[in-house]
Amino acid sequence: MTLRWAIQTNLGNSNDIERLVSACRGQGAPTEELRHIPFSTQLPRLDAETPTVFYGATQFVNQIATDGRWTPGVFFEEENFQFSLCLSKLSNRLLNAEARLTTLAELSKDSRSDATELFLRPSGDSKEFAGNILTLGEIKKWVESLGDEEMSLTPECSVVVAVPVGLAYEWRVFMVGESAVAGSQYRRYHRLEVEAGLPDPVVRFAEETAEVYSPAEVFVIDVAQSGDSLFVVEYNCFNSSGFYGSDIEAIVASINDRYR
């Protein structure tokens, strides 16, 4: 049976969504355009008998994963994307292999100078906030503002903290099984700079890394060059990842072929 694509259209990068819808329909895949109210718990009214893959905002995708009624649904089990597990599997392939796990609350008690710069990101793939370089002073002020219990992000959020390193290039690589089917450069020297395609060494590195550890059947690896070496920045859930300059048609075709 042909795989059905269910795509959230009211949040996210509109260009990515238009390109994805066009790619799915261009390949003859049944395609449902969905609107999902932010923070709503209502699930789509789609039968669970038809094989379906979803794409949309993180909250929407997480709800689909938690419900679990659709197959393949989303390619995501939260524990498989945790930094601690990735570190145990990848070791020095991981960019922040010397990073430590803590909480925002504990980090705000750090006694170092407020001018100290740190790289900070969530320990999982739930996208509570975007990874970024911040001063310790900025982090402390931010944590002080997180007292509202209704906020999804709290001081108890588990985070990864590392000393910032210089990165020359960063690429997003879309993996289906252990094959890098498409990708794109998205940063150059910490600035957004999109360039379609992947250099051969990045493809080889991503596929070798997938042989070491793959968190799902379909997933995304962000790869960075620091000095002369390549490293894994992080793994991402495919179902809510931005495409940048990647060949969306190739990604859709590869996933369709896998579940045909």
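In short, a report on the structure. Position labels on residues start from 1 in each chain and follow its written sequence. For this predicted model, a pLDDT threshold of at least 70 governs which residues receive local features, and a threshold of 80 or more governs which side-chain atom pairs are given and counted, while totals over whole chains, interfaces and linings are taken from all residues. Think of the side-chain values as coming from all heavy atoms in the structure, minus any hydrogens and water.

Some words on helix 1 (residues 14-26)
Spelled out, the test is: Secondary structure elements follow DSSP: runs of H or I no shorter than four residues count as helices, runs of E no shorter than two count as strands, and numbering proceeds from the N terminus. A helix is expected to span 1.5 Å multiplied by its residue count minus one. Working rule for contacts: check all heavy atoms of both residues, and any pair within 4.5 Å makes them a contact.
Its 13 residues place the ends of helix 1 18 Å apart at the C-alpha level, agreeing with the 18 Å of an ideal helix rising 1.5 Å per residue. Residues of helix 1 that are buried in the fold lie against strand 1 (4-8), strand 2 (31-34), strand 3 (52-55) and helix 7 (248-258). Positive backbone phi, approximately 75°, marks Gly28, located one or two places after helix 1.

Quick notes on the pairing of strand 11 (residues 191-196)
Inclusion rule: Think of it in three bands: residues with accessible area under 20% of the maximum for their type are buried, residues over 50% are exposed, and the middle band is partly exposed, with areas taken using a 1.4 Å probe on protein chains only. Two strands pair if DSSP finds at least two bridges between them.
Of all six residues in strand 11, zero are buried; the element is thus mostly exposed. In this sheet, strand 11 lies alongside strand 10 (residues 179-188) in antiparallel orientation, the contact comprising four bridges. Bridged to Arg188 within strand 11 is Arg191. Hairpin connection between strand 10 and strand 11: a loop of two residues separates the two successive antiparallel strands, and Tyr189 in this loop has a positive phi of roughly 50°.

Concerning the packing of aromatic side chains
Threshold: In this analysis, rings of Phe, Tyr and Trp, with Trp reduced to its six-membered ring, are considered paired at centre separations within 6.5 Å, and the interplanar angle assigns stacked below 30 degrees, edge-to-face beyond 60, and tilted for intermediate values.
Within this structure, the stated rule accounts for 17 aromatic pairs. Between Phe174 and Phe238, the aromatic rings sit 6.2 Å apart at their centres with planes inclined by 85°, giving edge-to-face as the arrangement. With a gap of 64 residues between them, Phe174 in strand 9 (residues 169-176) and Phe238 in the loop between strand 13 (229-237) and helix 7 connect regions that are remote in the sequence. Classification of Phe238 by relative accessible area gives buried; the value is 1%.

Some details on the sheet that holds strand 3
Defined as follows: What counts as an axis is a line fitted to C-alpha atoms, over the stretch in contact for a helix, and the angles between N-to-C directions run from 0 to 180 degrees.
Sheet architecture is open: four strands sit in the order 2-1-3-4, paired in parallel fashion. The open sheet has two free edges, formed respectively by strand 2 and strand 4 (72-73), since each of these has just one partner strand. Two elements, strand 1 and strand 3, share four bridges in a ladder whose sense is parallel. In the sheet register, Ala6 faces strand 3, and the bridge partner there is Phe54. Helix-sheet contacts for helix 1 involve strand 1, strand 2 and strand 3, and the interaxial angle to strand 1 is about 165°.

Thoughts on the environment of Ala224
Secondary-structure assignment places Ala224 in strand 12 (residues 218-226). The buried category is assigned to Ala224, whose relative accessible area is 0%. With 22 residues separating them in the primary sequence, Ala224 and Val202 have C-alpha atoms 8.8 Å apart. Other than its neighbours up to four places away in sequence, Ala224 contacts Leu167, Tyr169, Glu170, Trp171, Ser229, Leu230, Phe231 and Val233.

Examining the sheet that holds strand 6 (residues 117-122)
The sheet built from four strands is open, its strands ordered 5-8-6-7 with antiparallel pairing. Each edge of the open sheet carries a strand with a single partner, namely strand 5 (100-103) and strand 7 (132-135). The average undirected angle you get between the axes of adjacent strands in this sheet is 40°. Strand direction decides the pairing type here: strand 6 and strand 8 (residues 158-162), joined by four bridges, are antiparallel. Across the sheet, Arg121 pairs through a bridge with Val160, a residue of strand 8. Across the sheet, helix 5 (residues 136-144) lies against strand 6 and strand 7, angled at about 90° from strand 7, the strand it touches most.

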